[in-house]
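An overview of the molecular structure
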Amino acid sequence: MEEGVNCWGDIFCLFQETFLATMPNFKSLGKDIFAYGIMSGMSKSVNLLLLPFLTSFFTTEEYGVIDIIATLTSLAGLFMTLSLESAVMRFWNDAKRDNNLSSLISGSLIIVAIVGLVTFLLALIFSDAISNLLLEAPSAGIYVTLGICSSVFMASKSVPLIALRMQRKIYHFNWVNIVQTVLYMSITLLLIYTFDLGLMGVFLGTVISQILSLILGLVLVRNFFTLSLNWDFLKPSLRYSLPMLPAVFVTWLNSQVDRYMLLFFLGLGSVGVFGASARIVTIVTLLVTVFRQAWAPLSIDALDEDENKRNSFYSRGLNYYMLIMFSIAVILVLLSKTLLGILVSEEFRSGFVVIPFLLGAKIMHGAASFTNLGTVINKKTAINSIAAFVGFSCNVGLGLWLIPKYDIAGAAMGSFVAEFLFFAILWVATVRNSSVKFNTWLVGSILLFYVAFCYLYLNY
């Protein structure tokens, strides 16, 4: 069947053929998604269970502080990794053939640790200034310091985690995350309710849980450690990862800038309401994360397969992904008010208006794992930065226009459109620079249906 031409036939195939029968690779993908999903679901559900405790204990302004510093922590973590986890994935098979896996893993870990240490030292010096700039509260500098400290361990943990994923040691990978999540919840609740540490308890819980889960990750990949590093082998990894770094930063800004615009226009309370409602989107975020964890190793392995077989795997994968994820999103939108009523206190429930758009944004961000395949095939990652910058610029522009008109819903709308642009630009780049083709009609129909559904849900 020709992709993108016989659209109704392709839809029929989605029901006529089983997901596993399309291609042998889908069998592995399905098994990996199931394994990641069961254990990641346990991990993410703990975070969701923590939401009622935090929203009942803290005001919207205090929860806004947690949300803002959490975004700062994630940014610092992204910087510390230098996108080396992507390079480890891309060069894993090459290193395996050349018996250089130890150099690849150990060298990446050392680089991330050094960058993390330098970043933490800078945070110690400028934490009060950062706190004053973002929160207008210099006394909150200790929270900034603890947040950056946790990001050092989180970034370092990304290296052993990617090694476990590439070995497809799925249960080991997930146990590291489960240990971190359970420790975070237990320690945080203990420090908040027993020792009455308030916000300090949240950030101390994060640091301690990240340290202990990093230790577990290092133990699981201890066979890769070496003091004899092949820097000649690491140089191609850095040449691959560093051009991606601007894209990673801008992608992060694209996902988090809405909070800072809300902070500017509406204050910390609105950030708290937005952040609490965004936790409902964790359900889809979990599914997208699970898929990407399973998809990444298999999509790299597919590079060595027959071109037509590989392209069919990529194209049909996007079709399945869009149909399944947006179907789940529709169900969650319909249940959003009920879920908020169960999970958060009354003052947070007005945030239901952001859920449809944030769900769409998360799904589109995950879909870019398909449309960026042309850059993976050709090892030309600069286009990722261009796509991310265009999406970010659109997000800022729409936020400045829509937030004064629609409050927190305007911020969510901007995020959805920005992620769509990121996805679309990478689509065009992949189609132009590789032989991969996608089903434009099917994907476009799904998106149009979802946008129409969201409009009707919010207005009628």
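See the structure printed just above.
Residues numbered from 1 in each chain as written. Predicted model: local features only at pLDDT ≥ 70, side-chain atom pairs only at ≥ 80, totals over all residues. Heavy atoms only, no water.

As for the overall build of the protein chain
Counting its secondary structure elements, the protein chain contains 19 helices and 0 strands. The buried share of the protein chain, reckoned over its 460 residues, is 57%. Carbon and sulfur atoms make up 67% of the accessible area of the protein chain, which amounts to about 19500 Å² in all. (Helix = DSSP H or I, 4+ residues; strand = E, 2+ residues; numbered from the N terminus. Buried < 20%, exposed > 50% of the residue type's maximum accessible area, 1.4 Å probe, protein only. Areas by Shrake-Rupley, 256 points an atom, 1.4 Å probe, with all protein chains shown as cover.)

Notes on the packing of aromatic side chains
Per the counting criterion, the structure on display carries 16 aromatic pairs. Their ring planes at 70° and their centres at 5.9 Å tell us that Trp-92 and Phe-224 sit as a pair that is edge-to-face. Here Phe-224 lies in the loop between helix H9 (199-220) and helix H10 (231-241) and Trp-92 lies in helix H5 (residues 92-97), a separation of 132 residues in the sequence. Per residue, the accessibility class of Trp-92 equals that of Phe-224, and both read buried. Ring plane angle 55° and centroid distance 5.0 Å describe the contact between Trp-427 and Phe-438, whose orientation is recorded as tilted. (Phe/Tyr/Trp six-rings, centres within 6.5 Å; stacked < 30°, edge-to-face > 60°.)

What to know about the nonpolar core
Judged by nonpolar contacts, the single largest core of 130 residues is most densely connected at Leu-318, Tyr-321, Met-322, Leu-359 and Tyr-450. Ignoring sequence-local partners within four residues, the contact set of Met-322 consists of Met-364, Ala-367, Val-443, Ile-446 and Leu-447. (Core = buried A, V, L, I, M, F, W, Y, C linked by side-chain atoms within 4.5 Å. Contact = heavy atoms within 4.5 Å.)

What about the environment of Phe-422?
Following the sequence through the fold, Phe-422 ends up in helix H18 (residues 408-433). For the pair Phe-422 and Asn-372, spaced 50 residues apart in the sequence, the C-alpha separation amounts to 9.6 Å. Beyond its immediate stretch of four places on either side in the chain, Phe-422 contacts Thr-251, Ala-368, Asn-384, Ala-387 and Ala-388.

Comments concerning the packing of helix H11 (residues 245-265) against H18
Axis separation between H11 and H18 bottoms out at 9 Å; the angle between their running directions is 165°. As far as their axial angle goes, H18 and H11 are roughly antiparallel. In this structure, H11 meets H18 at a crossing whose hand is right-handed. In contact with Thr-251, Asn-254, Asp-258 and Leu-262 of H11, H18 contributes Ile-408, Ala-411, Ser-415, Ala-418, Glu-419 and Phe-422. (Axes fitted to C-alpha atoms, helices over the stretch in contact; angles between N-to-C directions. Parallel < 35°, antiparallel > 145°, perpendicular 65-115°, else oblique. Left-handed = near helix turned anticlockwise from the far one by under 90°.)

Some details on the side chain of Ser-369
Inspection of the secondary structure assignment puts Ser-369 in helix H15 (residues 355-371). In contact with Ser-369, other than residues within four places in its own chain, are Arg-292 and Trp-295.

Considering the environment of Leu-442
With respect to the helices, strands and loops of the structure, Leu-442 is situated in helix H19 (residues 440-459). Leu-442 sits 119 residues away from Leu-323 along the chain, and the two C-alpha atoms are 9.0 Å apart.

Quick look at the pattern of salt bridges
Here the structure, examined in full by the defined rule, presents 4 salt bridges. In this structure, Arg-97 and Asp-94 form a salt bridge, with 2.3 Å as the shortest nitrogen-oxygen distance. Highlighted residues: Arg-97 and Asp-94, both in helix H5, separated by 3 residues, approximately one helical turn. Owing to a relative accessible area of 58%, Arg-97 belongs among the exposed residues under this scheme. Residues Arg-349 and Glu-346 are paired through a salt bridge, measuring 2.9 Å at the closest nitrogen-oxygen approach. On the basis of relative accessible area, Arg-349 is assigned to the partly exposed category, the value being 31%. Note on Glu-346: relative accessible area 58%, which makes it exposed. (Salt bridge = Lys/Arg side-chain N within 4 Å of Asp/Glu carboxyl O.)

Looking at H10
Within H10, the full set of buried residues consists of Phe-233, Leu-234, Ser-237, Tyr-240 and Ser-241. Looking straight down H10, one finds that the buried residues subtend no more than 110° of arc, so they occupy a single side. Exposed residues lying more than 90 degrees from the buried face of H10 are Asp-232 and Arg-239. (Arc of directions from axis to C-beta.)

Points about the packing of helix H3 (residues 60-81) against H9
Between H3 and H9, the shortest axis-to-axis distance is 10 Å and the interhelical angle comes to 25°. In terms of orientation, H3 and H9 fall into the roughly parallel class. Crossing geometry of H3 relative to H9 is assigned as right-handed. For the pair H3 and H9, contact is made by Glu-62, Val-65, Ile-66 and Ile-69 and by Leu-199, Val-202 and Phe-203, respectively.

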